[in-house]
Amino acid sequence: FPKGIFVATQGGDFWLRLLQNGRYTFTGPETGWGRALKTALRINDSILLTGNHAIAALWNVSTGRLTDTVHKRVTALGLTGNRIYIGSTDGMYEWRNGKLEKAGGNQQSGLQYRISALCGTADGLMWAGMSADSLLVWNRNTVVAAIPLGKNIPGSTCKALFSSGPGTV
């Protein structure tokens, strides 16, 4: 972003800027509503998706205004294509037309539990790290894979996910 790198923490949010002398400066908090952010995700050059303990918001960093909000405790955010997903303590939701819809309705029992991490990939998949024992792979309206943690993948909780390209997580 032209303002620098946006840093979201539970203690507040701020911009990190590199100065001409090679030093860094911090400014903020930028948003009074955004303090104690759990997560932030860049949508495009001017829009950030942010989430905290009570709200998810689309924030236009150029104008400083919220463009849309929805009330939900946010534990993770994910984007694949033009689909926005919100992880919460009670599962995964898709944010469409200003409303939250439970991902898969009540038919996808694996997505009814706490989501710790989300990661959209260039091939249109949404990877959901569960707070206990599994990694789920979601494709539009169904779970296409469930990968148990602890056997092939060490640990019991997936706390972060990153994709560097199609087919890679």
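Residues numbered from 1 in each chain as written. Predicted model: local features only at pLDDT ≥ 70, side-chain atom pairs only at ≥ 80, totals over all residues. Heavy atoms only, no water.

Structural notes on the overall build of the protein chain
Link 1 in the chain: Counting its regular elements, the protein chain contains zero helices and 15 strands.
Link 2 in the chain: Computed over the C-alpha atoms, the radius of gyration of the protein chain is 17 Å, within 12% of the 15 Å expected from 2.2 N^0.38 for a compact globule of 169 residues.
Link 3 in the chain: Summarising its shape, the C-alpha atoms of the protein chain cover approximately 50 × 35 × 30 Å along the three principal directions.
Link 4 in the chain: For the protein chain, buried positions account for 40% of its 169 residues.
Link 5 in the chain: Surface accessibility of the protein chain: about 9200 Å² in total, with carbon and sulfur atoms responsible for 49%. (Helix = DSSP H or I, 4+ residues; strand = E, 2+ residues; numbered from the N terminus. Rg over C-alpha atoms; globule rule 2.2 N^0.38 Å. Buried < 20%, exposed > 50% of the residue type's maximum accessible area, 1.4 Å probe, protein only. Areas by Shrake-Rupley, 256 points an atom, 1.4 Å probe, with all protein chains shown as cover.)

Side note on the environment of Thr27
Link 1 in the chain: With respect to the helices and strands, Thr27 occurs in strand 3 (residues 24-27).
Link 2 in the chain: Judged by relative accessible area, Thr27 falls into the partly exposed class, the value being 30%.
Link 3 in the chain: Along the backbone, Thr27 and Ile86 are 59 residues apart, and their C-alpha atoms lie at a distance of 28 Å.
Link 4 in the chain: The contacts of Thr27, once residues within four sequence positions are left out, are Phe14, Trp15 and Arg17. (Contact = heavy atoms within 4.5 Å.)

Some words on the confidence of the model for the protein chain
Link 1 in the chain: Averaged over all residues, the pLDDT of the protein chain is 84; the fraction at 70 or higher stands at 92%.
Link 2 in the chain: Mean pLDDT across the elements of the protein chain bottoms out in strand 3 (78) and peaks in strand 12 (residues 115-120) (94). (pLDDT = per-residue confidence, 0-100.)

Topic: the pattern of salt bridges
Link 1 in the chain: Following the criterion strictly, the structure yields five salt bridges and no others.
Link 2 in the chain: For the salt bridge of Asp45 with Arg42, the shortest nitrogen-to-oxygen distance reads 2.6 Å.
Link 3 in the chain: Residue classification places Arg42 among the partly exposed residues on the basis of a relative accessible area of 44%.
Link 4 in the chain: Salt-bridge contacts for Lys72 lead to Asp90; the nearest nitrogen and oxygen are separated by 3.1 Å. Here Asp90 lies in the loop between strand 9 (83-88) and strand 10 (91-96) and Lys72 lies in the loop between strand 7 (65-71) and strand 8 (76-80), a separation of 18 residues in the sequence. (Salt bridge = Lys/Arg side-chain N within 4 Å of Asp/Glu carboxyl O.)

Structural notes on the sheet that holds strand 14 (residues 134-139)
Link 1 in the chain: Pairing is antiparallel in the open sheet, where four strands are placed in the order 12-13-14-15. With partners counted over all chains shown, the strands left at the sheet margins are strand 12 and strand 15 (142-148), one partner each. Strand-to-strand twist across the sheet, computed as the mean angle between neighbouring axes with direction ignored, equals 20°.
Link 2 in the chain: Pairing of strand 12 with strand 13 (residues 126-130) involves five bridges; the strand directions are antiparallel. (Pairing = 2+ DSSP bridges. Axes fitted to C-alpha atoms, helices over the stretch in contact; angles between N-to-C directions.)

Structural notes on the sheet that holds strand 3
Link 1 in the chain: Taken in spatial order, the three strands line up as 1-2-3 in an open sheet, and their pairing is antiparallel. Of all strands in the sheet, those bounded by a partner on one side alone are strand 1 (5-9) and strand 3. Sheet twist, expressed as the mean angle between neighbouring strand axes with direction ignored, is 30°.
Link 2 in the chain: Bridge count between strand 2 (residues 12-18) and strand 3: four bridges; the pairing is antiparallel. If you follow Arg17 over to strand 3, its bridge partner there is Thr25.

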